[in-house]
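# A closer look at the structure
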Number of protein chains: 2
Amino acid sequence: MSIQQEKLSQAVSIMNELDIDMWITLVRESETSPDPVLELTLGRNITWLSAFIITRQGDKTAIVGSLDEPGVSSTGLYPTVVPYVASMRDDMLRILSGADPGKIAVNFSTSDVLADGLSHGAYLTLKDYLKDTPYTDRLMSAGGIIGALRGRKSSEELERISCAISITEEILSELTGDLKLGLTEKNVADIITGGMKKRGLEAAWDIDHCPAVFTGPDSAGAHYSPTDREIEPGHVLNVDFGVKYLEYCSDMQRTWYFRRSSGEQIPDEVQRAFEAVRDAVRKASEALEPGIEGWKVDDVARSHITSLGYEEYPHALGHQIGRKAHDGSGLLCPRWERYGTLPFEKVEKGQVYTLEPRATIKGYGVATVEEIVVVEEKGCRFLTHPQEDLWVI
Amino acid sequence: MSIQQEKLSQAVSIMNELDIDMWITLVRESETSPDPVLELTLGRNITWLSAFIITRQGDKTAIVGSLDEPGVSSTGLYPTVVPYVASMRDDMLRILSGADPGKIAVNFSTSDVLADGLSHGAYLTLKDYLKDTPYTDRLMSAGGIIGALRGRKSSEELERISCAISITEEILSELTGDLKLGLTEKNVADIITGGMKKRGLEAAWDIDHCPAVFTGPDSAGAHYSPTDREIEPGHVLNVDFGVKYLEYCSDMQRTWYFRRSSGEQIPDEVQRAFEAVRDAVRKASEALEPGIEGWKVDDVARSHITSLGYEEYPHALGHQIGRKAHDGSGLLCPRWERYGTLPFEKVEKGQVYTLEPRATIKGYGVATVEEIVVVEEKGCRFLTHPQEDLWVI
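None of the values given here were measured: they were computed from a predicted structure. (Residues numbered from 1 in each chain as written. Chains lettered and ligands numbered in written order. Predicted model: local features only at pLDDT ≥ 70, side-chain atom pairs only at ≥ 80, totals over all residues.)

## Side note on the overall build of chain A
We count it as follows: Secondary structure elements are taken from DSSP: a helix is a run of H or I of four residues or more, a strand is a run of E of two residues or more, and numbering for both begins at the N terminus. With C-beta atoms placed from the backbone, a residue is buried if 20 or more other C-beta atoms are within 10 Å of its own, exposed if 12 or fewer are, and partly exposed between those counts. Any pair of residues counts as being in contact when their C-beta atoms, constructed from backbone geometry, are within 7 Å of one another.
For chain A, the helix and strand inventory stands at 10 helices and 18 strands. Taken along its principal axes, the extent of the C-alpha atoms in chain A is 75 × 40 × 35 Å. The proportion of buried residues among the 393 residues of chain A is 56%. Considering only contacts within chain A whose residues lie at least 6 apart along the sequence, 68% involve residues at least 24 apart.

Below, the structure written as C-alpha cells:
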C-alpha cells in the first residue's frame, strides 16, 4: 500500500471521528503554488484548477483539467476522475448536490500553515461556485483533518523518519572526527553537505541554512547561513541539520566545546548551560504524553531554563516532523499570539516531535540540543540517541 | 544591481502608475508555502509570519520573526526591518496608521495563480489585525502590480531567458542526432535529461514531465510522464522541454517524423498538420503587439487550426515565461471560465510568451511546435529559432 493510499483511508476515519461529511482540496499549478496536503493525498502535481473530494462514506472524486487527467488517473487513488476543459463549476455543483454534505472542510487555517494550502483567490472562486446554494454556509476549516492526518504517523512513516535520523547521527559523528580550530562555519557546513551528498540525499530544509552552523559568542542566530567566522579556542559550536530520506525528514542539533588548551576543564558556565538544556529536554520528554496541551510541555522546559537564570528562548520548544521538517499542527510552544491555537492542541499518539530548548552562554556561544521523540500510548520514546554530554574537541 | 533591487524599484513605479498606496506581502514558512512574489521581492525564504510592506513613496519595511531578522537584513532590500517575538500585530498597525494608505494591495487573485500567494488563513489573520480600523475596507488585489512586475522583463531577465533557450536548442539538436526507431519515450527523456545534467542545469518544471515525450497515435497527452512506448516507423514524435538558467526558464516543443522506409515522402496528412501548426504560430506572432487582448491572439491561431479541419486544442495558445515556466498573468487563451479575467489582459512591451498550438494527426501522433517571443514596441521578436520544417529521421 502506498503512503497516499494509507493516508486517504486514514482521512476517511478521521472525518468520521470529527463528524465532517466532505473534504475538498482545491488547488492549481501545485508545483508553483503547492497545497502541502497534496503530497499526502495525491503524490504528484497538477496544473489546472483541480478539486479532490472525499466523503465520510469513503467516496473519492477528482475534478481535473483534461490534460491532467491521465496523470491523476494513473495514481489509482481517485476511483472517479472527472476531466474538464472550460470550467469545473458544473461538475462541482453536481457532486455537491449528489452528496448533500452538512459540513464541508476546506484547507484553511490561521494557525497551521500546513492546513492552509487554499489560496485566498481559490477560496473566492469556490465561494463563487457555491453562491445561491446552501453549501456556501457549510464551509469550515479542514485543520482538524489535516493536523491528525499529518500527525498520526503510520509504521512506514516512522520507519522512514528513523532512517533519516540514523543517517544524520552518522554524519554528525563523522563531523566530530573532522572538527578542528580554524575551520570556518562554511567549512563545517561543507563537511556536512559532503556527507549528505555522498549518500545521495537532500537536505531536510532550505540548503541556505541546512546545515546551520554557529560558532562562538554573538553569532548570527537561527535561520541564518554559515559565515566565514572561524572556530576559536573557547568557542561553543552549534549545528542544526537534517536530511530527507524517502521524503521524510530529520532535524537535530548538537553542541561542541573547543578547549582553550589541551586538558582544559570545560568552563563551569559552559557545562552548566549544556546541562540546563539537556535536562530541559529530559523533563519535557517526561511530561510529553497523549492528551496534554503542547504549551504545558513547552512550559516545563522553558521554566527549567529560566529558573536557572538563562534568558527565555524566543521560539517553540519543539515542532512536529514528518514530510516537512516543520510538519505543522500541534506545537510545543508558549501561548504567544503568533502561534494562534497551536499551543492548545492536544498531543496525540503517533506524533513525532522535536525538543530543542537553548541557552545563551555569554562569551562562549549557544548551547542547544535538538532531540526527536515519538508519542506512544503512554509517554514518549526517543528516536534520537540524546546528547548526554558536551562533545569536547 | 540585483534582480530583486531592480524589481523593487519597478514595483514602486507600477504602484504609482496604478494609483496604489501600499502593497503588503504577508507570508509564513515560505519554503513550504511559498508566495511566488517573494523570489522577486526578497530572494530568500522566511519561517515566521512576515510582512513586506512597500509604499508608493518607495518606503520598504519588513516585519519578521526575530530569528528571520538577520537573513532578511542581510539582503539590504528593506531599509527598515522590524523583528518581533510574540506577535506582529502592533507593528503592523503602527506602520499602517503612520502611512494611512487609501488603497492597500494584497496578494490574491482568482485568475492569476502567481498573484495569489496569500493563503486564506493569512488573509483572515490580516483581517483580524485590521478589524476596528479603516484599513479593513481598503484591501484590494495586488494582481495588477504583480502581473506587471513579472511580465515586464528587464534586460538582465531577457538575457537569462535567451540563454536558457539557446541551451535548450543545443540539447534538442543533440537529441536529433541520437534519435532512432525502437527507442522508448523514457529513453528519449533520458537523453535529454543527460544533456541537461551534463550542463549542471535543472529542468524548468516538474521532472516528472520535463521533458514530456509522446510518440505515435493515441499517446497519453500533455502533463504526463514518458512511458515505455517505443518509436515505430510512421510515428510522429513530440518533445516538450525546458531548462532553468540562473533561475529563468525556457519551454519549447519540437516535432519529428520517423520514415516508414528510407526515402519515404512525408505523408501528406503529417506535412499538412505540421504546416497548420507552424503557420498558426506565424500568424499569431504577427498579431501579437502591445495593447491587444490575449484572447484575440489565441483566436488567430485557434481559428487557423480549426479552419483546416483540426480539432480545437484544449489549452491556451501561449503563456508568459520567466522565473516560472508558467509565469502567470496575461495569457493568450480563449475566453473560457477557467481562465477568469486573463484572456482580457492587454499585452505589454517586455513580456515573453510561448506560442504552442497543436494538431492531432489521426494514426500518426500530435504535431506541435512551441516557440518563444518577446513583445517589443511594435510587434514581437522570436527568441527561439522557429521550427520551419518537420525534422525527419
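## Describing the relation of the copies chain B and chain A
Let me state the cut-off plainly: Superposition of the copies was done by least squares, using only C-alpha atoms of residues whose pLDDT is at least 70 in both.
Note on the identical chains: chain B maps onto chain A by a rotation of 180 degrees and an axial translation of 0.0 Å, with an RMSD of 0.0 Å. As the rotation angle and translation indicate, the two copies are arranged about a two-fold axis.

## Here's the deal with the interface of chain B and chain A
Applicable threshold: Residues were grouped as follows: Ala, Val, Leu, Ile, Met, Phe, Trp, Tyr, Cys and Pro as nonpolar; Asp, Glu, Lys and Arg as charged; and all remaining residues, including Gly, as polar.
With 48 residues of chain B in contact, the opposing surface of chain A contributes 49 residues. The leading source of residues in the side of chain B that touches chain A is helix α5 (residues 120-130) of chain B, at 5 residues. Considered class by class, the residues forming the side of chain B that touches chain A number 19 nonpolar, 17 polar and 12 charged.

## Thoughts on the packing of helix α1 (residues 3-18) of chain A against helix α6 (residues 143-151) of chain A
Helix-helix packing is characterised by the crossing angle of the two axes and by the distance between the axes. All names here are of chain A. Heads up, the rule is: Orientation is described by axes fitted as lines to C-alpha atoms, over the contacting stretch for helices, and by angles from 0 to 180 degrees between their N-to-C directions. Should an angle fall under 35 degrees it is taken as roughly parallel, and over 145 as roughly antiparallel, whereas 65 to 115 is taken as roughly perpendicular and any remaining angle as oblique. By convention the crossing between two helices is left-handed if the near helix lies anticlockwise of the far one by an angle smaller than a right angle, and right-handed if it lies clockwise.
Put simply, α1 and α6 touch, their axes get as near as 9 Å, and they point 135 degrees apart. Classified by the interaxial angle, the pair formed by α1 and α6 is oblique. The handedness of the crossing between α1 and α6 is right-handed. Along its contact with α1, which presents Lys7, Gln10, Ala11, Ile14, Met15 and Leu18, the element α6 presents Gly144, Ile145, Ala148 and Leu149.

## Focus: helix α7 (residues 155-178) of chain B
To keep it simple, the criterion reads: Under the convention used throughout, the expected extent of a helix is 1.5 Å for every residue step, that is, one less than its residue count.
Between the first and last C-alpha of α7 of chain B there are 35 Å, a value that for 24 residues agrees with the 34 Å anticipated at 1.5 Å per step. Of all the residues in α7 of chain B, the buried ones are Glu157, Arg160, Ile161, Ala164, Ile165, Thr168, Ile171, Leu172 and Leu175 of chain B.

## Comments concerning the sheet that holds strand β12 (residues 252-257) of chain B
Residue and element names in this part refer to chain B. The criterion, for reference: Whether two strands pair comes down to DSSP finding at least two bridges between them.
As summarised here, the arrangement of the 4 strands in space is β8-β9-β12-β18, forming an open sheet in which the pairing is mixed. If you trace the sheet from one side to the other, it starts and ends with β8 (212-215) and β18 (391-392), each paired once. Pairing of β8 with strand β9 (residues 236-241), which is carried by 4 bridges, proceeds in the antiparallel orientation. Bridge pairing in β9 places Phe214 opposite Asn238.

## What to know about the confidence of the model for chain A
Operational definition: Known as pLDDT, the predictor's per-residue confidence is scaled from 0 to 100.
Considering every residue of chain A, the mean pLDDT works out to 95; 99% of them sit at 70 or more. Interface confidence for the predicted complex, given as ipTM, is 0.89, next to a pTM of 0.90.

## Here's the deal with the sheet that holds strand β17 (residues 380-382) of chain A
Within a sheet, each strand pairs with its neighbour through backbone hydrogen bonds, oriented either parallel or antiparallel. Residue and element names in this part refer to chain A. Across the sheet, which stays open at both edges, the 3 strands sit in the order β13-β16-β17 with antiparallel pairing between neighbours. Taken across any chain shown, the strands that pair with only one partner, and hence form the sheet edges, are β13 (352-355) and β17. The mean angle between the axes of side-by-side strands here comes to 35 degrees, regardless of whether they run parallel or antiparallel. When β13 meets strand β16 (residues 371-375), the two strands line up antiparallel, connected through 4 bridges. Among the inter-strand pairings, Thr354 is bridged to a residue of β16, identified as Ile372. Sitting on the sheet, helix α9 (residues 268-287) touches β13, β16 and β17, and the angle it makes with β13 is about 150 degrees.

## Re α5 of chain B
Residues of α5 of chain B that are buried include every one of His120, Gly121, Ala122, Tyr123, Thr125, Leu126 and Tyr129 of chain B, and no others. On its buried face, α5 of chain B is in contact with α5 (120-130) of chain A together with β1 (22-27), α4 (89-99) and β5 (104-106) of chain B. Two residues or fewer past α5 of chain B, Asp132 of chain B is found with a positive phi of approximately 65 degrees.

## Description of the environment of Tyr78 of chain B
Here Tyr78 of chain B is to be found in the loop between α3 (69-74) and β4 (80-84). Separated by 37 residues in sequence, Tyr78 of chain B and Thr41 of chain B place their C-alpha atoms 9.5 Å apart.

## Let's talk about the packing of α9 of chain A against helix α10 (residues 294-307) of chain A
Residue and element names in this part refer to chain A. Orientation of α9 relative to α10, taken along the N-to-C sense of each, is 155 degrees, at an axis distance of 8 Å. Between α9 and α10, the angle falls in the class roughly antiparallel. As for how α9 packs across α10, the hand of that crossing is right-handed. Listed contacts from α10 to Ala276, Asp279, Ala280, Val281, Lys283, Ala284 and Ala287 of α9 are Lys296, Val297, Val300, Ala301, His304 and Ile305. Here the contact of α9 with α10 is built from residues that sort into 9 nonpolar, 1 polar and 3 charged.

## Some remarks on unusual backbone geometry
Cis peptide bonds are those with omega within 30 degrees of zero, and the linkage from Cys210 of chain A to Pro211 of chain A qualifies with 5 degrees. For Asp19 of chain A, which is not glycine, the phi torsion reads 60 degrees and is therefore positive. Residue placement: Asp19 of chain A occurs in the loop between α1 and β1 (22-27). Even without being a glycine, Glu247 of chain B presents a positive backbone phi close to 75 degrees. With respect to the helices, strands and loops of the structure, Glu247 of chain B is situated in the loop between β10 (243-245) and β11 (248-249).

## Section: the pairing of strand β12 (residues 252-257) of chain A
Each regular strand shows side chains that alternate between the opposite faces of the sheet. Residue and element names in this part refer to chain A. With 6 of 6 residues buried, β12 lies mostly within the body of the structure. By the alternation rule, side chains of β12 split into Met252, Arg254 and Trp256 and Gln253, Thr255 and Tyr257, which are all buried. Relative to β12, strand β9 (residues 236-241) is paired through 6 bridges, and the arrangement is antiparallel. Bridging from a neighbouring strand, Asn238 pairs with Thr255 of β12. When β12 meets strand β18 (residues 391-392), the two strands line up parallel, connected through 2 bridges. Looking at the pairing, Trp256 lines up with Trp391 of β18.

## Details of the domain arrangement of chain A
Residues and elements named next belong to chain A. Quick reminder of the rule: These domain limits were set by an automatic method or by a database of domain assignments.
Taken as a whole, chain A is organised into domain 1 (3-150) and domain 2 (152-392). One C-alpha centre belongs to domain 1, the other to domain 2; they are set 35 Å apart. Residues that form the side of domain 1 that touches domain 2 fall into these classes: 6 nonpolar, 4 polar and 4 charged.

## Remarks on the environment of Val64 of chain B
Residues and elements named next belong to chain B. In this fold, Val64 is placed in strand β3 (residues 60-65). With 28 residues separating them along the chain, Val64 and Met92 place their C-alpha atoms 11 Å apart. Residues within four places of Val64 in sequence aside, it is in contact with Ile46, Trp48, Ser50, Glu69, Val72, Val81 and Pro83.

## Comments concerning the environment of Leu342 of chain B
Relative to the helices and strands, Leu342 of chain B is located in the loop between α10 (294-307) and β13 (352-355). For the pair formed by Leu342 of chain B and Val12 of chain B, sequence separation is 330 residues and the distance between their alpha carbons is 23 Å.

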